[in-house]
Amino acid sequence: AQSVTQPDIHITVSEGASLELRCNYSYGATPYLFWYVQSPGQGLQLLLKYFSGDTLVQGIKGFEAEFKRSQSSFNLRKPSVHWSDAAEYFCAGSAQGGSEKLVFGKGTKLTVNP
Amino acid sequence: NAGVTQTPKFRILKIGQSMTLQCTQDMNHNYMYWYRQDPGMGLKLIYYSVGAGITDKGEVPNGYNVSRSTTEDFPLRLELAAPSQTSVYFCASSYTTLNQPQHFGDGTRLSIL
């Protein structure tokens, strides 16, 4: 079955440290992939998306993600975390094709220590 | 820049009561969605709509109903509230196909007691 897995439920980093959030997918062909961020009490906001082409994708708020077909991964990275990055992060995927729906991972909660 | 607006933000219901969660978007998006979010479970699709007058079931439709009479509005109806429907509900929209980036509302936190 097509799925998106986020192996880490909770990650804690210190402010200024680098960040990598993991996302693995299970799709037959190259999927569409997304990262969303959810701040407390708010809805999800799109950080970045991958459809095809360059495997390193730049997003908003200084985030980037790299699509690695060989590892079935789409990990989210940020070189230096700010306290305001504390939130929950969701990876989502979809097969290509207009009738395919998004499947969300279960989320990774990020805590940032001062 | 209203985007996707959900009302109410919070609601407490008694078992067996009914209510409608409202969702409206001002981006002229054809596609709209209802998700529920439970702790540690990510988002589950309840219903979606690809345009006015067209709706379809998602992954967890039981106990819910929807309608789409206009492009802007996509209300979610709970007919007989049950404790298992305690959750945070999100409405979202996208301009084109189902797997394009979605814009989310801020959610409705619903408790069934």
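See the structure above.
Asker: Is there a simple way to explain the overall build of chain B in this structure?
Answerer: For chain B, the count of helices and strands is zero helices and 11 strands. Its helices and strands in sequence order give chain B the pattern β-β-β-β-β-β-β-β-β-β-β, from N to C terminus. For 113 residues, the compact-globule estimate of 2.2 N^0.38 gives 13 Å, and the C-alpha radius of gyration of chain B, at 13 Å, lies within 12% of that figure. Expressed along its principal axes, the backbone C-alpha trace of chain B runs to roughly 40 × 25 × 25 Å.

Asker: Can you walk me through the state of the cysteines in this structure?
Answerer: By definition, a disulfide is the covalent link that joins the sulfur atoms of two cysteine residues. Taken as a whole, this structure holds two disulfides over all chains when the rule is applied. Each disulfide pairs two cysteine sulfurs, and for A:Cys23 the partner residue is A:Cys91, the sulfurs being separated by 2.0 Å. Here the S-S torsion is close to -65°, and the disulfide linking A:Cys23 with A:Cys91 is therefore left-handed. With A:Cys23 in the loop between β3 (19–21) and β4 (24–26) and A:Cys91 in strand β10 (residues 87–94), this pair connects stretches of sequence that are 68 residues apart. A single burial state applies to A:Cys23 and to A:Cys91, both of which are buried. Disulfide pairing is shown between B:Cys23 and B:Cys91; the S-S distance is 1.8 Å. Classification of the bridge connecting B:Cys23 and B:Cys91 rests on its S-S torsion, roughly -70°, and on that basis the disulfide is left-handed. Within this pair, whereas B:Cys23 is found in strand β3 (residues 19–25), its partner B:Cys91 is found in strand β9 (residues 87–94), the two being separated by 68 residues in sequence. Take B:Cys23 and B:Cys91: they sit in the same class, and that class is buried.

Asker: I keep staring at the side chain of B:Gln25 and nothing clicks. Help me out?
Answerer: Residues and elements named next belong to chain B. One can find Gln25 in strand β3. A polar side-chain atom of Gln25 sits 3.1 Å from the main-chain amide nitrogen of Asn28. A distance of 2.8 Å separates a polar atom in the side chain of Gln25 from the backbone oxygen of His29. Contacts of Gln25, omitting those with residues within four sequence positions, involve Gly3, Val4, Met32, Arg68, Thr71, Glu72 and Ser93.

Asker: I would appreciate a short explanation of the sheet that holds strand β1 (residues 4–7) of chain B in the present structure.
Answerer: Two strands in a sheet stick together by hydrogen bonds in their backbones, pointing the same way (parallel) or opposite ways (antiparallel). Residues and elements named next belong to chain B. Read across the open sheet, the four strands follow the order β1-β3-β8-β7; overall the sheet is antiparallel. Single-partner strands in this sheet number two, and they are β1 and β7 (64–66). Strand-to-strand twist of the sheet, defined as the mean angle between neighbouring strand axes without regard to direction, takes the value 20°. Taken together, the three bridges between β3 and strand β8 (residues 76–78) define a ladder with antiparallel strand orientation. Bridging across to β8, Leu21 finds its partner in Leu76.

Asker: Teacher, can you tell me more about the pattern of salt bridges here?
Answerer: As a working rule, side chains carrying opposite charge can pair if their charged atoms are close by. Residues and elements named next belong to chain A. Here the structure, examined in full by the defined rule, presents seven salt bridges over all chains. Among the ionic pairs, Arg77 bridges to Glu64, the shortest N-O distance being 3.2 Å. In this pair, Arg77 sits in strand β9 (residues 73–78) while Glu64 sits in strand β8 (residues 64–68), placing the two residues 13 residues apart along the sequence. Glu66 serves as the salt-bridge partner of Arg77, at 3.1 Å between the closest nitrogen and oxygen. Pair noted here: Arg77 is in strand β9 and Glu66 is in strand β8, with a separation of 11 residues, a long-range link. Given the relative accessible area of 22%, Arg77 is considered partly exposed.

Conventions adopted
- Residues numbered from 1 in each chain as written.
- Chains lettered and ligands numbered in written order.
- Predicted model: local features only at pLDDT ≥ 70, side-chain atom pairs only at ≥ 80, totals over all residues.
- Heavy atoms only, no water.
- Helix = DSSP H or I, 4+ residues; strand = E, 2+ residues; numbered from the N terminus.
- Rg over C-alpha atoms; globule rule 2.2 N^0.38 Å.
- Disulfide = S-S within 2.5 Å.
- Buried < 20%, exposed > 50% of the residue type's maximum accessible area, 1.4 Å probe, protein only.
- Polar contact = N/O pair within 3.5 Å; in protein donor to acceptor, adjacent residues only side chain to side chain.
- Contact = heavy atoms within 4.5 Å.
- Pairing = 2+ DSSP bridges.
- Axes fitted to C-alpha atoms, helices over the stretch in contact; angles between N-to-C directions.
- Salt bridge = Lys/Arg side-chain N within 4 Å of Asp/Glu carboxyl O.

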